[in-house]
Amino acid sequence: MANSSKENASKSAVTAQKKTSGETAAKTSAQIRVMTLDDYEGVYKLWMSIHGFAIRSVDDSREGVEVFLKRNPTTSVVAVQDGKIVGAILCGHDGRRGCLYHVCVHEDYRMRGIGKAMVVFCMKALREEKINKVSLIAFTTNDIGNKFWHQIGWTKREDLNYYDFTLNEKNIIAYNK
Ligand SMILES: CC(C)(COP(=O)(O)OP(=O)(O)OC[C@H]1O[C@@H](n2cnc3c(N)ncnc32)[C@H](O)[C@@H]1OP(=O)(O)O)[C@@H](O)C(=O)NCCC(=O)NCCS
């Protein structure tokens, strides 16, 4: 699996073209490719640089990300520029619904189309998995995130409440400063 993921990663490198549709990536000079476990250190470093990001002790550990990538080997993405990971999304599905987690671009590389290009990459990867719908959670206080989703054409649901239940109290959340 690791080898085929790596092959996939290099084959999947894209430089996307800008069009108007919310499903078409903006033009970016970053390399957009599938995330593999080898990217973990770079991705974690990026996560730690994102102000206000919620990092979970279990889910976001190397082991946690390994479990996620094993279940979802083709749908998570990184953006690479200047020899480092400058953007990342954990993306997976449960056979019915796709989900995006930890959508982020390094502060120095924002507003260049990298975020949108990564989202479009994930959407295409989910389609290839025959997934018909994808969703994510954005905190209502996250102005940057909410503006981004609006701008790239995603629908904000006003007609539902989000419910969850903690199954493992050891999965502690720490918020970046
Ligand atoms: C949200 C985030 C991923 C956007 O990444 P990005 O690479 O800067 O976004 P892009 O350059 O691809 O922008 C795509 C579109 O959204 C718009 N956009 C992006 N950030 C915006 C902002 N803060 N305010 C208004 N519009 C914004 C861009 O202008 C662009 O519009 P266009 O297609 O009409 O030109 C990045 O700001 C980030 O990492 N934020 C912190 C983490 C976060 O909040 N993640 C979302 C969690 S729900």
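Note that the structure is predicted; figures quoted are calculated from it, not measured.

Participant: Whenever I open this one, the confidence of the model for the chain confuses me. Can you help?
Facilitator: Low pLDDT means the predicted atomic positions in that stretch should not be read closely. On average, the chain scores 89 in pLDDT, and the residues at 70 or more come to 85%. Long-range and interchain partners of residues 1–21, a stretch whose pLDDT sits below 50, account for 32 contacts in this model, where long-range means more than four residues apart.

Participant: What am I meant to see in the environment of R97 here?
Facilitator: Within the secondary structure layout, R97 lies in strand 5 (residues 97–105). When the C-alpha atoms of R97 and L126 are compared, they prove to be 9.0 Å apart, with 29 residues separating the residues in sequence. Each residue touching R97, except ones within four places of it in the same chain, is listed here: K133 and S135.

Participant: Explain the site of the ligand here, please?
Facilitator: By nearness alone, 20 residues border the ligand, and R110, G115, K116, G145 and Q151 come closest of all. Those elements that provide at least two residues to the shell around the ligand are strand 5, helix 4 (114–128) and helix 5 (143–151). The dominant element in the shell around the ligand, judged by the number of residues it contributes, is helix 5, at five residues. When grouped by side-chain class, the residues that make up the shell around the ligand number 11 nonpolar, five polar and four charged.

Participant: What's the story with unusual backbone geometry in this structure? I'm lost.
Facilitator: Excluding glycine, a negative phi dihedral is what most residues carry, and trans is how most peptide bonds are arranged. Of note in this structure, D82 is not a glycine but carries a positive phi near 55°. Structurally, the position occupied by D82 is in the loop between strand 3 (77–81) and strand 4 (84–93). At M111, a position not held by glycine, the phi torsion is positive, near 60°. Structurally, M111 can be placed in the loop between strand 5 and helix 4. Residue class for M111 comes out exposed when judged on the 9 C-beta atoms lying within 10 Å of it.

Participant: Explain the sheet that holds strand 4 here, please?
Facilitator: In sheet architecture, strand pairing relies on hydrogen bonds along the backbone and comes in two forms, parallel and antiparallel. Judged by pairing direction, the sheet is mixed, and its five strands sit side by side in the order 1-3-4-5-6 without closing on themselves. The sheet terminates laterally at strand 1 (31–34) and strand 6 (133–136), the two strands that pair on one side only. Ignoring strand direction, the axes of neighbouring strands in this sheet form an average angle of 25°. As paired strands, strand 3 and strand 4 are joined by five bridges and run antiparallel to one another. Across the sheet, the residue bridging to A79 is G87, located in strand 4. The strands touched by helix 2 (residues 40–49) are strand 3, strand 4 and strand 5; relative to strand 4, the strand with the most contacts, the crossing angle is about 100°. Each of strand 1, strand 3, strand 4, strand 5 and strand 6 is contacted by helix 4, which is oriented at about 30° to strand 4, the strand it contacts most.

Participant: Is there a simple way to explain the pairing of strand 5 in this structure?
Facilitator: In regular strands, side chains alternate between the two faces of the sheet. Pairing of strand 4 with strand 5, which is carried by six bridges, proceeds in the antiparallel orientation. Along strand 5, the bridge assignment pairs G87 with V105. Two successive antiparallel strands, strand 4 and strand 5, enclose a turn made up of three residues, where G95 displays a positive phi of approximately 100°. Judged from the four bridges that link them, strand 5 and strand 6 form a sheet pairing that is parallel. Each residue of the ladder has a partner; that of R97, found in strand 6, is K133. Handedness of the crossover joining strand 5 and strand 6 through helix 4 is recorded here as right-handed.

Conventions used here
Residues numbered from 1 in each chain as written. Predicted model: local features only at pLDDT ≥ 70, side-chain atom pairs only at ≥ 80, totals over all residues. pLDDT = per-residue confidence, 0-100. Contact = placed C-beta atoms within 7 Å. Helix = DSSP H or I, 4+ residues; strand = E, 2+ residues; numbered from the N terminus. Near = placed C-beta within 6 Å. Nonpolar A, V, L, I, M, F, W, Y, C, P; charged D, E, K, R; others polar. Buried ≥ 20, exposed ≤ 12 C-beta atoms within 10 Å, placed from the backbone. Pairing = 2+ DSSP bridges. Axes fitted to C-alpha atoms, helices over the stretch in contact; angles between N-to-C directions. Right-handed = clockwise from strand over helix to strand, strands pointing away.

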